[in-house]
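Chain by chain, the residues run as shown.
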Amino acid sequence: QVRLVESGGGLVQTGGSLRLSCVASGTIFNIRAMGWYRQVPGKQRELVAVIPSSGGANYADSVKGRVTISRDNAKNTVSLQMNSLKPEDTGIYYCNAHTLSVGDYWGQGTQVTVSS
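All residue numbers refer to positions counted from 1 along the written sequence of the respective chain. Totals for whole chains, interfaces and linings use all residues, but because this is a predicted model, local features are given only for residues with pLDDT of at least 70 and pairs of side-chain atoms are given and counted only at 80 or more. The side-chain figures draw on all heavy atoms in the structure; neither hydrogens nor water molecules are used.

(A) Structural detail: the overall build of the protein chain. Within the protein chain, the regular secondary structure consists of zero helices and eleven strands. Secondary structure follows DSSP: runs of H or I at least 4 residues long count as helices, runs of E at least 2 residues long count as strands, and numbering of each begins at the N terminus. Reading the protein chain from its N end, one meets helices and strands in the order β-β-β-β-β-β-β-β-β-β-β. C-alpha atoms define the radius of gyration, and 2.2 Å times the number of residues to the power 0.38 defines the globule rule. Taking 13 Å as the expected radius of gyration for a compact globule of 116 residues, we find that the protein chain reaches 13 Å, a close match to that expectation. On the principal axes, the C-alpha backbone points of the protein chain span a range of 40 × 25 × 20 Å. Burial analysis of the protein chain (116 residues in total) assigns 39% to the buried set. Only heavy atoms enter the contact rule, under which two residues are in contact if any of them lie within 4.5 Å. Counting only contacts in the protein chain whose residues sit at least 6 apart along the sequence, the fraction spanning at least 24 positions is 54%. Values of accessible area rely on a 1.4 Å probe in the Shrake-Rupley scheme; residue burial ignores everything except the protein chains shown. If you sum the accessible surface of the protein chain, you get close to 6100 Å²; carbon and sulfur atoms cover 50% of it. A positive count includes Lys and Arg, and a negative count includes Asp and Glu. His and the chain ends are not counted in either. Charge coordinates come from a single atom per side chain, which is NZ of Lys, CZ of Arg, CG of Asp or CD of Glu. Both charge centroids of the protein chain, one from 11 positive and one from 7 negative side chains, sit 4 Å from each other. A 1.4 Å probe rolled over the protein chains alone gives each residue an accessible area, and that area as a share of the maximum for its type sets the label: buried under 20%, exposed over 50%, partly exposed in between.

Have a look at this one:
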């Protein structure tokens with residue numbers, strides 16, 4: 001089992017910044033990648049950014065150049081620095097941990113609201 005706890009969401013104006021953090025605990029040695037997903041009402045959860053244990057990162061086209069994902073393996077955390085936020089970035093952000101053995105674990109989600 002992997003437990004994920006997110007923090008850092010909130011309300012920000014267009015052009016502002018937020019930093020989301022996620023702490024993983026439990027059977028973390030099975031984690032192969034960690035990432036952030038966003039969901040808005042009526043739509044499927046979509047990938048924002050992902051960082052594999054082997055390094056490197058992938059981003060959704062909509063956030064490239066504005067968002068940076070980072071991972072601290074010593075602290076079992078993954079963070080998402082979001083700059084130049086837009087109203088379309090609004091949604092519930094979920095931390096994800098992908099394992100080969102069990103599949104995906106999800107955090108409880110944190111709300112990000114960008115006002116215009």
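(B) Summary view of unusual backbone geometry. A positive phi angle, close to 55°, is found at Asn76, a residue other than glycine. For Asn76, the position within the fold is in the loop between β7 (67-72) and β8 (77-82). A relative accessible area of 26% places Asn76 in the partly exposed class. Positive phi is not limited to glycine here, since Ser84 has a value of about 50°.

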